[in-house]
Amino acid sequence: ITDPILQEKMKLLDSNTNGISSQTYYHNLCMRSVNQSIGRSIRHINDYAAILLIDERYQTNDRIINQLPKWTTTNGKEWRKSISMELLQQRLENFFLWHVKVRDKVRN
């Protein structure tokens, strides 16, 4: 961590035994950024986006998984499986092709 303000905040948190730890604070700060990024990809009902969390912690760390928006994880455990890049590419192509077809039907 190179930000001097964040370093001081974390030192203060670690010196105070009544509050959260600096690691918990930093984890929450990081997850807030992840969730903001996810939220910015989809703004209204007609938006669609593919959200790729390419880090094994999103697959294996329940603490992180539990801090993701619930709507991103409600499709069962399927989203937690590792897949090949070829399968990922195929699924992404199908996802966007389907949405283009739906969009075109709505416009016509």
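Throughout what follows, the structure given in this document is the object of discussion. (Residues numbered from 1 in each chain as written. Predicted model: local features only at pLDDT ≥ 70, side-chain atom pairs only at ≥ 80, totals over all residues. Heavy atoms only, no water.)

1. Re the overall build of the protein
Within the protein one finds five helices and zero strands. Over its C-alpha trace the protein gives a radius of gyration of 19 Å, far above what one expects of a compact globule, namely 13 Å for 108 residues. Along the first, second and third principal axes, the C-alpha set of the protein runs to 60 × 30 × 25 Å. Split into buried and exposed, the 108 residues of the protein put 16% on the buried side. Here the analysis covers contacts within the protein between residues at least 6 apart in sequence; of these, 42% occur between residues at least 24 apart. Carbon together with sulfur atoms contributes 53% to the accessible area of the protein, which is approximately 8,700 Å² in total. (Helix = DSSP H or I, 4+ residues; strand = E, 2+ residues; numbered from the N terminus. Rg over C-alpha atoms; globule rule 2.2 N^0.38 Å. Buried < 20%, exposed > 50% of the residue type's maximum accessible area, 1.4 Å probe, protein only. Contact = heavy atoms within 4.5 Å. Areas by Shrake-Rupley, 256 points an atom, 1.4 Å probe, with all protein chains shown as cover.)

2. Side note on the pattern of salt bridges
Taken as a whole, this structure holds three salt bridges when the rule is applied. As a salt-bridge pair, Arg57 and Asp55 come within 2.5 Å of each other at their nearest N and O atoms. Note that Arg103 and Asp104 form a salt bridge whose closest N and O atoms lie 3.3 Å from each other. Since its relative accessible area comes to 31%, Asp104 is described here as partly exposed. (Salt bridge = Lys/Arg side-chain N within 4 Å of Asp/Glu carboxyl O.)

3. Examining the environment of Ile45
If you trace the backbone, Ile45 turns up in the loop between helix 2 (22–41) and helix 3 (57–60). Sequence spacing of Ile45 and Ile1 is 44 residues, and the spatial spacing of their C-alpha atoms is 38 Å.

4. Describing helix 1 (residues 4–15)
The terminal C-alpha atoms of helix 1 lie 17 Å apart, and with 12 residues this matches the ideal 16 Å at 1.5 Å per residue to within 8%. Elements in contact with the buried residues of helix 1: helix 2. Here helix 1 starts with a cap whose side-chain oxygen sits 3.2 Å from the backbone nitrogen of Ile5, and that cap is Asp3. (Expected span 1.5 Å × (residues − 1). Polar contact = N/O pair within 3.5 Å; in protein donor to acceptor, adjacent residues only side chain to side chain.)

5. A word on the nonpolar core
Buried together is how nonpolar side chains tend to be arranged in soluble globular proteins. Core analysis: the largest hydrophobic core is formed by six residues, namely Met31, Val34, Ile38, Tyr58, Ile64 and Leu68. With three residues, the single largest contributor to this core is helix 2. When neighbours within four sequence positions are excluded, Val34 is seen to be in contact with Leu53, Tyr58 and Leu68. (Core = buried A, V, L, I, M, F, W, Y, C linked by side-chain atoms within 4.5 Å.)

6. So, the packing of aromatic side chains
Summed over all chains, the structure comprises three aromatic pairs. Between Tyr48 and Phe96 the ring centres are 5.9 Å apart and the planes differ by 55°, which places this aromatic pair in the tilted class. One end of the pair, Tyr48, is in the loop between helix 2 and helix 3; the other, Phe96, is in helix 5 (residues 85–107), with 48 residues separating them in the sequence. By relative accessible area, Phe96 is classed as partly exposed at 34%. Between the aromatic rings of Phe95 and Phe96, the centroid separation amounts to 5.0 Å while the plane-to-plane angle is 85°, which identifies the pairing as edge-to-face. Using a relative accessible area of 28% as the deciding quantity, one classes Phe95 as partly exposed. The rings of Tyr48, Phe95 and Phe96 are connected pair by pair, giving a single aromatic cluster. When the ring centre of Tyr25 is taken as reference, the NZ or CZ atom of Lys9 above it lies at 5.2 Å. (Phe/Tyr/Trp six-rings, centres within 6.5 Å; stacked < 30°, edge-to-face > 60°. Lys NZ or Arg CZ within 6 Å of the ring centre and 35° of its normal.)

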